Amino acid sequence: MSERELLGRTAEIAATFLETLDERPVWPPASVEELRAALGGELQEAPREPLEVVEALAAASEPGVVAIPSGRYFGFVIGGALPAALAADWLTSAWDQNAGLVVGGPAAAVAEEIAGEWLLDLLGLPASTSFAFVTGCQMAHVTCLAAARHAVLERAGWDVEGFGLANAPQVRVGVGGKRHVTIDRALRLLGLGNRCVATAEVDSQGCTSASAVAAALEGHDGPAIVCAQVGEVNTGAVDPVGEIARVVKDAGAWLHVDGAFGLWAAASPELHGLVRGVELADSWATDAHKWLNVPYDCGLAFVSDPRAHRAAMAMTAEYLVAEEGAARDQMDWTPEFSRRARGVAVYAALRSLGRSGVADLVERCCRHARRFAEELAALPGCEILNEVVLNQVLLRFGDDEATGAVLAAVQGSGEAWMSGTAWDGRAAIRISVSNWRTSDEDVTRTVAAFERALTAI
Ligand SMILES: *Cc1c(COP(=O)(O)O)cnc(C)c1O
């Protein structure tokens, strides 16, 4: 069996999976016990043929693979994988570059450099902004907040990379009441701890305001960081970043934006106004594996002050700037050392979509979300809980019990899958439209699944 045959056969298995998405249940049938039985057993003594391994792995796994690439998967905020991005991701594995260093793969370094510049342009961020391709928005927060920590402590006369945080001036971090938990974990990993946060009040959609941020910073004249959010995970709501930026600048603080999916609104002429002022922040974290639809795992960190970014991450002679015209050693900008050339899939995604394709992807998902809100609102007992400003729809059917029953029936039908959540202490259903593959027909089929669920219960 040649490598060519092995990879060809593997591509066929993958293509068959993707081609049968329309027929397979979105939630897979196998239980965890069945999967353990199918995949488990002792590790045998002797080697096995690669093709045999891959075929057995596929056969045992498929009954437990969620049809996330399906146009009717609306769980969490996950997104699909664009064909060009998926194919480029395979090549990335075949090439197996170590994209931490230019000498580990110059083509990967340059592809990431170019993709990073395209992203700044698409998202409307300042051209001098530095960037890093990391594993996800979680590590993008860590990267950006490490730069923030460096900058605010440097202004206070403290060298955090040299001395750590023991005896450092206390840093306060203003966050909204509906921030994503990955902000808290980033603060923990950076040694700032979770007690450094001052929580700003939020409105009914989960947005904070400039005045609430000002209140959270009040009475603290030491180093401060503020984390705003563009795209709340339930409602998709967007903080008024431009107004918050003014308060933050006045306080001499650093403004970080969690735009895991919502920042992509900036790439759409139709939706850009929603994130007006976002470019005034000091750092931005987002994902390519969500709304840009590249395969997992790919997050993006952007920092307006490259010096702070590099000072926080680089392990080589601290502030040494690379020689003019040289490619970047990515490890100077990321928390990883050896790393996958994950930016290659981003490059392919952007090349295949072009500017209009990115805008269309974002706008199309939002249009489907609005249609969901309209058509589901017409069903008996349905209440839409959010203003559908982006790609998220939050709804419930009467009380918690009814909401849970409808959700379970839709999930169990195999027609579509979306996650449950709690909003204002009550059960809710959350639909996130973030996949290029979702079509009008998928929305129709999903609304019909809700209708059938209501009839059945
Ligand atoms: C998904 C999400 C994150 C975390 O992103 P990962 O890529 O899963 O690390 C952070 N913030 C928001 C608003 C999100 O939706």
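In case you missed it, the structure is sitting above this.
Quick caveat, the model's predicted, so the values are computed rather than measured.

A.B. asks: Tell me about the sheet that holds strand S9 (residues 392–397), and please be specific about residues and values.
C.D. replies: Spatially, S8-S9-S11-S10 is the arrangement adopted by the four strands of the open sheet, whose pairing is antiparallel. Single-partner strands in this sheet number two, and they are strand S8 (382–384) and strand S10 (419–423). Each strand of the sheet is rotated relative to its neighbour by a mean of 40 degrees, with strand direction disregarded. Pairing analysis gives four bridges linking S9 to strand S11 (residues 426–432), with the strands arranged antiparallel. Note on S11: the bridge partner recorded for Leu-395 is Ile-429. Contacts from helix H13 (residues 400–413) reach S9, S10 and S11, with the element oriented near 35 degrees to S11.

A.B. asks: Describe the packing of helix H6 (residues 137–155) against helix H8 (residues 181–189), listing the residues and the values that go with them.
C.D. replies: Between H6 and H8, the least distance of the axes is 9 Å, while the angle of their chain directions is 50 degrees. One element, H6, and the other, H8, form an angle in the oblique class. The way H6 lies across H8 gives a crossing that is right-handed. Seen from H6, the contacting residues are Gln-138, His-141, Val-142 and Leu-145; seen from H8, they are Thr-182, Ile-183, Arg-185, Ala-186, Leu-187 and Leu-189.

A.B. asks: Lay out the site of the ligand in plain terms, naming residues and giving numbers.
C.D. replies: The full set close to the ligand counts 13 residues, and Gln-138, Asp-258, Asp-287, His-289 and Lys-290 are the nearest of them. Contact distances for the ligand include 2.8 Å between an oxygen atom and a backbone N or O atom of Gln-138. Between the ligand and His-289, the relevant distance is 2.8 Å, taken from an oxygen atom to a side-chain nitrogen or oxygen of the residue. Protein contacts shield 84% of the accessible area of the ligand, which totals 380 Å² for the unbound molecule. The residue makeup of the shell around the ligand, split by class, is four nonpolar, six polar and three charged.

A.B. asks: Explain helix H1 (residues 3–19) residue by residue, including any values.
C.D. replies: In a regular helix each residue adds 1.5 Å, so 17 residues correspond to 24 Å; H1 covers 24 Å between its end C-alpha atoms and thus fits that length. When H1 is considered as a whole, its buried residues turn out to be Leu-6, Ile-13 and Phe-17. For H1, the angular spread of the buried residues around the axis is 40 degrees, confining them to a single face. Facing away from the buried side of H1 by more than 90 degrees, the exposed set consists of Arg-4, Leu-7 and Glu-19.

A.B. asks: Hey, could you go over H6 for me, with residue numbers and the actual values?
C.D. replies: For H6, with 19 residues, the first-to-last C-alpha span of 27 Å sits near the 27 Å given by 1.5 Å per residue. Burial analysis of H6 places 16 of its 19 residues in the buried class, which makes it a mostly covered element. Following H6 by one or two positions, Gly-157 has its phi on the positive side, about 80 degrees.

Criteria and cut-off values
- Residues numbered from 1 in each chain as written.
- Predicted model: local features only at pLDDT ≥ 70, side-chain atom pairs only at ≥ 80, totals over all residues.
- Heavy atoms only, no water.
- Pairing = 2+ DSSP bridges.
- Helix = DSSP H or I, 4+ residues; strand = E, 2+ residues; numbered from the N terminus.
- Axes fitted to C-alpha atoms, helices over the stretch in contact; angles between N-to-C directions.
- Contact = heavy atoms within 4.5 Å.
- Parallel < 35°, antiparallel > 145°, perpendicular 65-115°, else oblique.
- Left-handed = near helix turned anticlockwise from the far one by under 90°.
- Near = heavy atom within 4 Å.
- Polar contact = N/O pair within 3.5 Å; in protein donor to acceptor, adjacent residues only side chain to side chain.
- Areas by Shrake-Rupley, 256 points an atom, 1.4 Å probe, with all protein chains shown as cover.
- Nonpolar A, V, L, I, M, F, W, Y, C, P; charged D, E, K, R; others polar.
- Expected span 1.5 Å × (residues − 1).
- Buried < 20%, exposed > 50% of the residue type's maximum accessible area, 1.4 Å probe, protein only.
- Arc of directions from axis to C-beta.

That's the geometry; what it means functionally is another story.
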